[in-house]
Structures are given as C-alpha cells and as structure tokens.
Amino acid sequence: DGGITQSPKYLFRKEGQNVTLSCEQNLNHDAMYWYRQDPGQGLRLIYYSQIVNDFQKGDIAEGYSVSREKKESFPLTVTSAQKNPTAFYLCASSIRGRDTEAFFGQGTRLTVV
Amino acid sequence: KNQVEQSPQSLIILEGKNCTLQCNYTVSPFSNLRWYKQDTGRGPVSLTIMTFSENTKSNGRYTATLDADTKQSSLHITASQLSDSASYICVVSSTSYTSGTYKYIFGTGTRLKVLA
C-alpha cells in the first residue's frame, strides 16, 4: 500500500533535549512538508522540500531543522531552541508542481515534560 | 494577506440531519480549493477539490460549492452519520506562475459533532 508514515505517534521530551520526528513516504512524491497544528489555529508550515537535498523554511522554521537525503524521507528535528514545542506535527507529501493534492501522515503528538 | 476563514468554529447536529460549513478566502493568486476531513488525532484526508471554473462537486454525501467571484466555498453534508464527527478544513492553494512556487493556506477548521 502506498502512503505516508509518521513515527512515533506519541513522543515525550524533556526540556532542553532535541528530538527527531520521522516521516517516510512510498508515493514517489518529490515534495514533502512539515506542519504544526495547535488548537484553534490552522496548520502552519515549518519546512518544505521540493526535491532531494533541497529544502526551504516555512512560516515558523525557528527552532526546527530538517534534512532531505532521500526522496522517501524527510525527518524533522525539534531543537531545544524551540520555545513552545508541544504540538501535533503533520507531515505531508505531494507531486511537485501546481494543483497537486497533499497527502498527510497520521501525525505525531509531541509533549514536552 | 492570504487568509482562509471558516465558520462556524464548531457545530453539533443530530444524526440524519444536514449541515453546511462555510469557507471565505482572500488568497491571490488562487489555484484551487480543497476540503479535508480530519478525525481527532489523525492526519487530514481530502474530500473534494474545486478549481476556479467549478461551481459544485460531490463526493457521496459531501457536496462542495465554490463562488470565485465572492471568494466563498461551502461544504454541505447530507444525512449526517456518527462517523462524520470530525474537523473539516478548507485549504486554498496559491501558485505563482512567475516564480513557480506554490503554497497551501489552511483554515482553522470547523469541528462537527454528530449526536445519536
């Protein structure tokens, strides 16, 4: 089955620690995205990548980092510099180009304790 | 500023009833508009896509409309079921043909609760 997989589903982190969220897709999509979802707010773009070895900052990139070494994988690292990291994180992918649908993973809920 | 606004924020209806969710947008340039359904704790799943020239599109009990002149869209759910309980998110795609870049602008969603 083709799809986009995020892991883990739930993640707990102590303050001051970095943590990496995994996102893998087997849809052969070029473009991948990371969004953050907070209660009462629309999804906000953290980072996106339209091709391997290239990525761009989104609207709220501070305190986050990404890599795109493989087409299938787009991990997100939440660093200790992110002041309010507790949130629901969604990864998505799409065929590169206009008018394309974004397919979402099931999300990772990160809680800082 | 590109914005997508949805109303109401939340809605409670009885099973079997119909309901309509609204989406107003100020996005330019406009490429297309999608409605997504998001179950609690899950990722959004696409329901419909509307391009500039389309007025109505149906997907089972879901019917989306688009008025490109007034920049409004609606999602009508017919004969609601308990499984329709979810958040419904309106997403507008914007494409810059000069730079070749595109982005998705998300609404805050309408949380629908269907009661037995």
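Criteria and cut-off values
- Residues numbered from 1 in each chain as written.
- Chains lettered and ligands numbered in written order.
- Predicted model: local features only at pLDDT ≥ 70, side-chain atom pairs only at ≥ 80, totals over all residues.
- Heavy atoms only, no water.
- Salt bridge = Lys/Arg side-chain N within 4 Å of Asp/Glu carboxyl O.
- Helix = DSSP H or I, 4+ residues; strand = E, 2+ residues; numbered from the N terminus.
- Buried < 20%, exposed > 50% of the residue type's maximum accessible area, 1.4 Å probe, protein only.
- Disulfide = S-S within 2.5 Å.

Draft legend 1. Summary view of the pattern of salt bridges. The final tally for this structure, using the stated rule, is 5 salt bridges over all chains. The partner of Arg61 of chain B in a salt bridge is Asp84 of chain B, with the nearest N and O atoms 2.8 Å apart. Of the two residues, Arg61 of chain B sits in the loop between strand E6 (56-59) and strand E7 (62-67) while Asp84 of chain B sits in the loop between strand E8 (72-77) and strand E9 (86-96), which places them 23 residues apart along the sequence. For Arg61 of chain B, a relative accessible area of 24% puts it in the partly exposed group. Through salt bridges with shared partners, a single ionic network connects Arg36, Asp38 and Arg44 of chain A.

Draft legend 2. Summary view of the state of the cysteines. This structure, assessed with the given rule, holds 2 disulfides over all chains. With a sulfur-sulfur separation of 1.9 Å, Cys23 of chain A is cross-linked through a disulfide to Cys91 of chain A. Judged by the torsion about the S-S bond (-75 degrees), the Cys23 of chain A/Cys91 of chain A disulfide is left-handed. With a gap of 68 residues between them, Cys23 of chain A in strand E3 (residues 19-25) and Cys91 of chain A in strand E9 (residues 87-94) connect regions that are remote in the sequence. We note that Cys23 of chain A, like Cys91 of chain A, is buried. In this model Cys23 of chain B forms its disulfide with Cys90 of chain B; the gap between the sulfur atoms is 2.0 Å.

By themselves these figures say nothing about function.
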